[in-house]
Amino acid sequence: MPQLHSTENCFVPISEIIAVEETEFNKKQRNIGRWQKMAKLHAFTVYYVKKARNHRWRCSDATFWCEDEHLCNQWTQALKELLEMQKSRPKQLLVYINPYGGKRQGKRIYEQKVAPLFSLASISTDVVITEHANHAKDNLFEVNIYKYDGVVCVGGDGMFSEVMHGLIGRMQKDSGIDQNNPKASLVQCNIRIGIIPAGSTDCICYSTVGISDPVTSALHIILGDCQPLDVSSVHHNNTFLKYSVSLLGYGFYGDILKDSEKKRWMGPMRYDYSGFKTFLSHHYYEGTIAYQPAKHTHGSPRDKERCRTGCYICKQSEKQLAEQSKERGLKHEEGEEEWKVIKGKFLAINAVSMSCACPRSPKGLSPAAHLADGSADLILVRKCSRFDFLRYLVRHTNQDDQFDFPFVDVYRVKCFQFTSKLSEDNESNVMDIGKKRFGQFCRDHPACCCSIVNSTWNCDGETLDSSAVEVRVHCQLMKLFARGIEEDCKDEAAHSQSSIEQLL
Ligand SMILES: CCCCCCCCCCCCC/C=C/[C@@H](O)[C@H](CO)NC(=O)CCCCCCCCCCCCCCC
Ligand SMILES: Nc1ncnc2c1ncn2[C@@H]1O[C@H](COP(=O)(O)OP(=O)(O)OP(=O)(O)O)[C@@H](O)[C@H]1O
Ligand SMILES: [Ca+2]
């Protein structure tokens, strides 16, 4: 009876096999440890995902050999057929590389770490190295996007934002949807985006994969992972401004961004420099926020449970979304629902539709936020002392609860509007909403008469031109090649039903 031998003793689910290749078996390299007749050996190598610590994935391999050529061919054929059955895996990708993002390593990272893996997995690619800002976005309006199984961006959050705007914008254009209408039901984008992190913050990659690592991300793309993502639309006076998936920040994070843009040459360090400067300047801003609470979701920003792979709360939102689209036309009007209004002086107003975990803050700005529940967490940090604000910031880096301060409030919302005190009278109707609807007004911080200036909105790392904004969360508007952060992935492979071991 011919026997199959292997160099490794491991359990690998089919879903985690990257590729199977016939191999030249070299007995000198592979010491099989015993005397053998000099019969010709036939071999194949299985490349698979090896899960290491902290959500890091690597490509590992195991070579199998035997003397019987037919048996060897049967194995390779069977495994290749099983791989063909993994229908969610991409075959053709469009890749955009920002050569200037982060530490300017995008091109090198792609060529040395990612392209060899794509080629191993028989993925064909069209690669565009961007020549200017908005190159990728504009290009996505011109190319035949429908021939691709996904779009990959090599760069940071800004590069991701470009690709997302290109894809979502293109989908709306092709479906005749007017993006300027803040109430429009946007068309979901089913072409997945893969992020190869090569930026300064890489918050979107970190929050959806659990690590900012190009090889790990490339492997998630190869396996065809799919993670839906909420997207917030930002409008001003019925004019579309931007989409956001991570942070929409006014005050502290807006000021950091504005200052850091002048220091791009510093690379990722610019955020620490501008962060320190902005912290010292301690500016606060006066304005009004009106929001509608997210009643459809069961979670709360103070939950101890985190959004993890296969998240129950996000699954519930997916079901609701499917039901809503069935009964399209019958959906309830937003206007009917209750608005809450808050006035005050704020050091920071942050709206995050995901946790915003990143290497600087591994639990993020709102640790219990969900990737795909159709809501955003609105965090209001009121005027407080520098010392208290520092205590608040430091809690982003340790296990303590950053919302457990009397000057910090957090709400889970489905939409909100903001007007700064400066622009209140001539720009927006937020005050009207406040006057018309019964709301909760802040009485502890009455408007003061000191002269104030506006801050800027930081929208996923880009500045917005207007301070008055209208924001709405679109549940699961797009999809990523990711699976969310895995709970503890170390032993999962061993428990899989479809392992090579079982086949053997
Ligand atoms: C004492 C240490 C306190 C550390 C506090 C760390 C909190 C970090 C929270 C980071 C949240 C990032 C959210 C992601 C936003 C992205 O869509 C966007 C685009 O990439 N990135 C930024 O806007 C870039 C934002 C970059 C923010 C950097 C903040 C650095 C703050 C430094 C404050 C220093 C105070 C020191 C006083 C002695
Ligand atoms: N060839 C290019 N030349 C100049 N700018 C570019 C080019 N390609 C893309 N960009 C722009 O560079 C901006 C920043 O890029 P990217 O997000 O990759 O890096 P980053 O800002 O260092 O990282 P992060 O966004 O994570 O902070 C993007 O908004 C993108 O529009
Ligand atoms: Ca969300």
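Residues numbered from 1 in each chain as written. Chains lettered and ligands numbered in written order. Predicted model: local features only at pLDDT ≥ 70, side-chain atom pairs only at ≥ 80, totals over all residues. Heavy atoms only, no water.

**A few points about the coordination of the calcium ion (ligand 3)**
Then, number 1: Around the calcium ion (ligand 3), the protein supplies Asp 230 (OD), Ser 353 (O), His 370 (O), Asp 373 (OD) and Ser 375 (O) as donor atoms, at distances of 2.3 to 2.7 Å.
Then, number 2: We note that the donor set of the calcium ion (ligand 3) lies within a single chain, spaced as D-x122-S-x16-H-x2-D-x1-S. Across the pair, Ser 375 and Asp 373 agree in class, each one buried. (Donors = N, O, S within 2.8 Å, 3.2 Å for Na, K, Ca; no water. Buried < 20%, exposed > 50% of the residue type's maximum accessible area, 1.4 Å probe, protein only.)

**Observations regarding the nonpolar core**
One recurring pattern in soluble globular proteins: nonpolar side chains tend to sit buried together.
Then, number 1: In this structure, Tyr 96, Phe 160, Met 164, Ile 193, Met 478 and Leu 480 are the most contacted members of the largest nonpolar core, which totals 42 residues.
Then, number 2: At seven residues, helix α4 (residues 157–174) tops the list of elements feeding residues into this core.
Then, number 3: Beyond its immediate stretch of four places on either side in the chain, Leu 480 contacts Phe 160, Arg 192, Ile 193, Ile 195, Ile 204, Thr 208, Asp 225, Cys 226, Gln 227 and Leu 229.
Then, number 4: The next biggest cluster of nonpolar side chains, apart from the first, holds 27 residues, and it includes Ile 18, Val 95, Ile 109 and Ala 121. (Core = buried A, V, L, I, M, F, W, Y, C linked by side-chain atoms within 4.5 Å. Helix = DSSP H or I, 4+ residues; strand = E, 2+ residues; numbered from the N terminus. Contact = heavy atoms within 4.5 Å.)

**Things to note about the site of ligand 1**
Then, number 1: Contacts to ligand 1 come from 22 residues, most closely from Asp 157, Thr 201, Ser 246, Asn 458 and Gly 461.
Then, number 2: One nitrogen or oxygen atom from the side chain of Asp 157 is found 2.7 Å from an oxygen atom belonging to ligand 1.
Then, number 3: In this structure, Ser 246 approaches ligand 1 through a side-chain N or O atom, which is 2.9 Å from an oxygen atom.
Then, number 4: Taking 850 Å² as the accessible area of ligand 1 by itself, protein coverage stands at 85%.
Then, number 5: Elements represented by at least two residues in the shell around ligand 1 include exactly α7 (252–261), α8 (270–281) and α10 (386–394).
Then, number 6: Looking at which element gives the most residues to the shell around ligand 1, the answer is α8, with four residues. (Near = heavy atom within 4 Å. Polar contact = N/O pair within 3.5 Å; in protein donor to acceptor, adjacent residues only side chain to side chain. Areas by Shrake-Rupley, 256 points an atom, 1.4 Å probe, with all protein chains shown as cover.)

**Quick look at the environment of Val 381**
Then, number 1: In this structure, Val 381 sits in strand β14 (residues 376–382).
Then, number 2: By relative accessible area, Val 381 is classed as buried at 0%.
Then, number 3: The spacing of Val 381 and Gly 251 is 130 residues in sequence and 9.5 Å in space, taken between C-alpha atoms.

**Quick notes on the environment of His 55**
Then, number 1: By the secondary structure assignment, His 55 is in the loop between β3 (42–51) and β4 (57–66).
Then, number 2: Along the chain, His 55 and Val 12 lie 43 residues apart, while their C-alpha atoms are 17 Å from each other.

**Considerations on the site of ligand 2**
Then, number 1: Taken together, 22 residues form the shell around ligand 2, and within it Gly 102, Thr 130, Gly 156, Glu 162 and Ser 200 come nearest.
Then, number 2: Separating an oxygen atom of ligand 2 from a backbone N or O atom of Met 159 is a distance of 3.0 Å.
Then, number 3: Between ligand 2 and the protein, one listed contact pairs an oxygen atom with a side-chain N or O atom of Ser 200 at 2.6 Å.
Then, number 4: Burial of ligand 2 by the surrounding chains reaches 87%, relative to a free accessible area of 630 Å².
Then, number 5: Among the secondary structure elements, those contributing two or more residues to the shell around ligand 2 are α4 and α8.
Then, number 6: A per-element tally of the shell around ligand 2 places α4 first, with four residues.

**A look at the confidence of the model for the protein**
Then, number 1: Of all residues in the protein, 87% have pLDDT values of 70 or greater, and the mean over the chain is 89.
Then, number 2: Per-residue pLDDT stays below 50 along residues 434–451; that stretch engages in 26 contacts with residues further than four places along the chain or on separate chains.
Then, number 3: Note that residues 491–504 has pLDDT below 50 and, in this model, 28 contacts with residues that lie over four places away or in other chains.
Then, number 4: As a predicted assembly, this complex carries a pTM of 0.90 together with an ipTM value of 0.96. (pLDDT = per-residue confidence, 0-100.)

**Overview of the pairing of strand β6 (residues 124–129)**
Then, number 1: Bridge count for strand β5 (residues 92–97) against β6 is six bridges, and the pairing is parallel. Looking at β6, one finds that Tyr 96 is bridged to Val 128.
Then, number 2: Note that the unit made of β5, helix α2 (residues 106–120) and β6 has a crossover that is right-handed. (Pairing = 2+ DSSP bridges. Right-handed = clockwise from strand over helix to strand, strands pointing away.)

**Considering α10**
An α-helical turn contains 3.6 residues, so a residue and the one three or four places further along point in the same direction.
Then, number 1: Looking at α10, one finds that the buried residues are Phe 389, Tyr 392 and Leu 393. Down the axis of α10, the buried set is contained in an arc of 100°. They therefore lie on one face.
Then, number 2: In the core, the buried residues of α10 are packed alongside α7, α8, β13 (340–352), β14 and β15 (408–420). (Arc of directions from axis to C-beta.)

**Re α8**
Then, number 1: For α8, which comprises 12 residues, the first-to-last C-alpha distance of 16 Å matches the rise-based estimate of 16 Å (1.5 Å per residue) to within 8%.
Then, number 2: By the burial criterion, the buried members of α8 are Arg 270, Tyr 271, Ser 274, Gly 275, Thr 278 and Phe 279. Down the axis of α8, the buried set is contained in an arc of 155°. They therefore lie on one face.
Then, number 3: Packed against the buried residues of α8 are α7 and α10.
Then, number 4: Just past α8, the residue His 282 takes up positive phi, approximately 50°. (Expected span 1.5 Å × (residues − 1).)

**With respect to the environment of Thr 208**
Then, number 1: Examined against the element boundaries, Thr 208 turns out to sit in helix α5 (residues 203–209).
Then, number 2: Here the alpha-carbon distance between Thr 208 and Pro 228, two residues 20 residues apart in the chain, equals 9.9 Å.

**Things to note about the pattern of salt bridges**
Then, number 1: Inspection of the entire model under this criterion finds 22 salt bridges.
Then, number 2: Its salt-bridge partner being Glu 22, residue Lys 80 comes within 3.4 Å of it at the nearest N-O pair. Here the residue Lys 80 occupies a position in helix α1 (residues 69–84), and Glu 22 occupies one in strand β2 (residues 17–23), the gap between them amounting to 58 residues.
Then, number 3: Of the charged contacts, one joins Asp 388 and Arg 391 as a salt bridge, the two residues approaching to 2.8 Å between their closest N and O atoms. Taken together, the positions of Asp 388 and Arg 391, both in helix α10 and three residues apart, correspond to about one turn of that helix. (Salt bridge = Lys/Arg side-chain N within 4 Å of Asp/Glu carboxyl O.)

**Digging into the packing of α7 against α8**
Then, number 1: At a minimum axis distance of 8 Å, the contact between α7 and α8 shows a crossing angle of 125°. Judged by the angle between their axes, α7 and α8 are oblique. With respect to the hand of their crossing, α7 and α8 are arranged in right-handed fashion. Contacts from Phe 252, Asp 255, Ile 256, Leu 257, Asp 259 and Ser 260 of α7 reach α8 at Arg 270, Tyr 271, Tyr 273, Ser 274, Gly 275, Lys 277, Thr 278 and Phe 279.
Then, number 2: Residues that form the contact of α7 with α8 fall into these classes: six nonpolar, four polar and four charged. (Axes fitted to C-alpha atoms, helices over the stretch in contact; angles between N-to-C directions. Parallel < 35°, antiparallel > 145°, perpendicular 65-115°, else oblique. Left-handed = near helix turned anticlockwise from the far one by under 90°. Nonpolar A, V, L, I, M, F, W, Y, C, P; charged D, E, K, R; others polar.)

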